[in-house]
Amino acid sequence: MGGVGELGGGPGPREGPAQRGAPLPTFCWEQIRPHNLPGDKWLVIERRVYDISRWAQRHPGGSRLIGHHGAEDATDAFHAFHQDLNFVRKFLQPLLIGELAPEEPSQDGSPNAQLVEDFRALRQAAEDMKLFEAKPTFFALLLGHILAMEVLAWLTIYLFGPGWVPSTLAALILAISQAQSWCLQHDLGHTSVFRKSWWNHMAQQFVMGQLKGFSAHWWNFRHFQHHAKPNIVHKDPDVTVAPVFLLGESSIEYGRKKRRYLPYNHQHLYFFLIGPPLLTLVNFEVENLAYMLVCMEWMDLLWAASFYSRFFLSYIPFYGLTGALLLFVAVRVLESHWFVWITQMNHIPKEIGHEKHRDWASSQLAATCNVETSLFIDWFSGHLNFQIEHQCHHMLSPPPSLFPTMPRHNYHRVAPLVKTLCAKHGLSYEVKPFLTALVDIIGPTL
């Protein structure tokens, strides 16, 4: 395609920022694809080509998150992740190097234009139904019952003493409180509680820091990558668990390279020993602390310290230091089981592999499924059993939005609309029984 990007049609050298008023060079996807290297990263937004190679390190969401969209169309991600698009576009202007050639499709590969159009119509329908309006009472009750469980656990030990039965009961109550705190901070991280993003971020820091002992910034760093590239190996942290476990196409990759660090033919057995029991106790604790120190998130560190101070000051008088530490470990292990089984029942059994460069809607739907609904399951899972709706309302969130903003108490209302749309386009809308979904987590490890 001579005349596109450079005479002769080759990839050409890196272009400088486009001069205001000058005609923009045009590029084809064949020229854009090679620019997906650590020091050479291009992306496309609204058919304009940007060179983010040097700027990526200054990206507020982190270089890794924006880098996952290298050499591809990032328009939908750009809209889903940013609050004030006009403000962000000011930062893009110096990075502009050209635009897609007129004959080139907006996305590389074979995007389903009708699907994207229908999802945007569905978004408008959800707006008309006022599905993005949160109920303050719902979230106030969530926070209230979390705080009540924290008090109930302490009163159990205070009234009945630190025996085995009261201690076991208190650990179970605290683990449920911790699980529900994960759900509430998840809502806040998606800015689905308050109208103002700043209020959501402050409340998330309180829940993650004071109630859980973790960093809100660390969680968002992980979770935003998951939503940007669900079930994509090396891009979604939730499924990039090699070399401990091999999931999906990573097992093929390790087999081809003859890598064998662990007895992977038995990983479905040692999964029960080191997967659910140790995720939050070991992996999350270490990763969270390292993130706060490396990224100098000192406020998050202070919030986390307030959690540990409160916990140990509350229970050392009954147990002593060693006993209080054992109670903390027990709570984290129980909480970790909840986290693994509940958060992964929608994703691990689905397709896990390398980047397929699908359109935004198809990539979200291919990576998830729903779990049957009931009052208990909705509460116990934090409405994560509506995972299809949660993943899809990236596309449903009305601009401006930082992330999906539909409150989870409205998932059941939008679910029939999403199901109808999936049926129209021949997309899988899978709903599993709760126990089946839990058992299916083991399938990819066999």
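Scroll up to find the structure.
None of these values were measured; they are calculated from a predicted model.

Definitions and cut-offs
- Each residue is numbered by its place in its chain's sequence as written, counting from 1.
- In keeping with the model being predicted, local features are shown solely for residues with a pLDDT of at least 70 and side-chain atom pairs are shown and tallied solely at 80 or more, while totals for entire chains, interfaces and linings include all residues.
- The side-chain figures draw on all heavy atoms in the structure; neither hydrogens nor water molecules are used.
- Cavity means a closed set of points on a 1 Å grid over the protein atoms alone, one where a 1.4 Å probe fits but cannot get out, pocket means an open set with protein on both sides within 12 Å along at least 5 of 7 lines, and lining means a residue has an atom within 4 Å of a point.
- Grid points are joined across faces, edges and corners, and a volume is the space filled by probe spheres set on the points.
- Under the scheme used here, helices are H or I runs from DSSP no shorter than 4 residues and strands are E runs no shorter than 2 residues, and both carry numbers assigned from the N terminus.
- Under this scheme, a helix contributes an axis fitted over its contacting stretch, all axes are lines through C-alpha atoms, and angles between N-to-C directions fall in the 0 to 180 degree range.
- Angle categories: roughly parallel below 35 degrees, roughly antiparallel above 145, roughly perpendicular from 65 to 115, and oblique for all the rest.
- Two helices crossing with the near one rotated counterclockwise from the far one by less than a right angle form a left-handed crossing, whereas a clockwise rotation gives a right-handed crossing.
- Only Asp, Glu, Lys and Arg are considered charged, only Ala, Val, Leu, Ile, Met, Phe, Trp, Tyr, Cys and Pro nonpolar, and every remaining residue, Gly among them, polar.
- The contact criterion used is simple: two residues touch if any of their non-hydrogen atoms lie within 4.5 Å.
- In short, DSSP must find at least two bridges between two strands for them to pair.
- Using a 1.4 Å probe on the protein chains alone, a residue whose accessible area is under 20% of its type maximum counts as buried, one over 50% counts as exposed, and one in between counts as partly exposed.
- The definition of a polar contact used here is a pair of N or O atoms within 3.5 Å, where within protein one atom must be able to donate a hydrogen and the other to accept one, and adjacent residues in sequence count solely through side-chain atom pairs.
- Starting at the helix axis, one direction is taken to each C-beta atom, and the arc is that of these directions.

(A) Expanded view of the layout of surface pockets. In this structure, the second largest pocket encloses a volume near 790 Å³. Looking at the second largest pocket, it is lined by 35 residues, and the ones nearest its centre are Pro237, Asp238, Val241, Leu279 and Asn283. At the level of secondary structure, the elements contributing two or more residues to the lining of the second largest pocket comprise helix H9 (216-228), helix H11 (267-274), helix H12 (279-294) and helix H13 (298-344). Sort the elements by how many residues they give to the lining of the second largest pocket and H12 lands first, with 6 residues.

(B) Focus on the packing of helix H6 (residues 136-160) against helix H7 (residues 164-189). It is the contact of H6 with H7, at a shortest axis distance of 9 Å, that shows an interaxial angle of 160°. Compared by their axis directions, H6 and H7 come out roughly antiparallel. In this structure, H6 meets H7 at a crossing whose hand is left-handed. Among the residues forming the contact of H6 with H7, the class breakdown is 16 nonpolar, 7 polar and 2 charged.

(C) Region of interest: the packing of helix H8 (residues 197-210) against H9. Closest axis-to-axis distance for the H8/H9 pair is 9 Å, and the angle between their directions is 105°. Between H8 and H9, the crossing angle belongs to the class labelled roughly perpendicular. In this structure, H8 contributes Gln204, Gln205 and Met208 to the contact, and H9 contributes Ala216, His217, Trp218, Trp219 and Asn220. Taken together, the residues that form the contact of H8 with H9 break down as 4 nonpolar, 4 polar and no charged.

(D) Structural context of the pairing of strand E4 (residues 48-51). Strand direction decides the pairing type here: strand E3 (residues 40-45) and E4, joined by 4 bridges, are antiparallel. The partner of Val44 across the bridge, within E4, is Val49. Connecting E3 to the next strand, E4, in antiparallel fashion are 2 residues, including Glu46 with a positive phi near 50°.

(E) Up close: the side chain of Thr343. Within the secondary structure layout, Thr343 lies in helix H13. Note on Thr343: relative accessible area 14%, which makes it buried. In terms of polar contacts, Thr343 uses its side chain to reach the backbone carbonyl oxygen of Phe339, at 2.4 Å. In this structure the side chain of Thr343 is engaged in a polar contact, spanning 3.4 Å, whose partner is the side chain of Gln344. When residues no more than four places from it in sequence are discounted, the contact partners of Thr343 are Trp338 and Leu384.

(F) Geometry of H11. Among the residues of H11, Gln267, Tyr270 and Phe271 are the ones counted as buried. The arc enclosing the buried residues of H11, seen along the axis, measures out at 125°, which places them on a common side. On its buried face, H11 is in contact with H13.

(G) Layout of the environment of Val329. When you line up the elements, Val329 lands in helix H13. Between the alpha carbons of Val329 and Leu281 there is a distance of 7.0 Å; along the sequence they are 48 residues apart.

(H) Up close: the side chain of Asp187. For Asp187, the position within the fold is in helix H7. Sequence-distant contacts of Asp187, that is, excluding residues within four places in its chain, are made with Phe139, Leu142, Ser192, Val193 and Arg408.

(I) Structural view of the pairing of strand E5 (residues 96-100). When you tally the buried positions in E5, you get 4 out of 5 residues, the bulk of the element. Relative to E5, strand E1 (residues 26-27) runs parallel, the two being bridged by 2 bridges. What sits directly across from Phe27, in E5, is Leu100. Strand direction decides the pairing type here: E4 and E5, joined by 3 bridges, are antiparallel. Looking at E5, one finds that Arg48 is bridged to Glu99.

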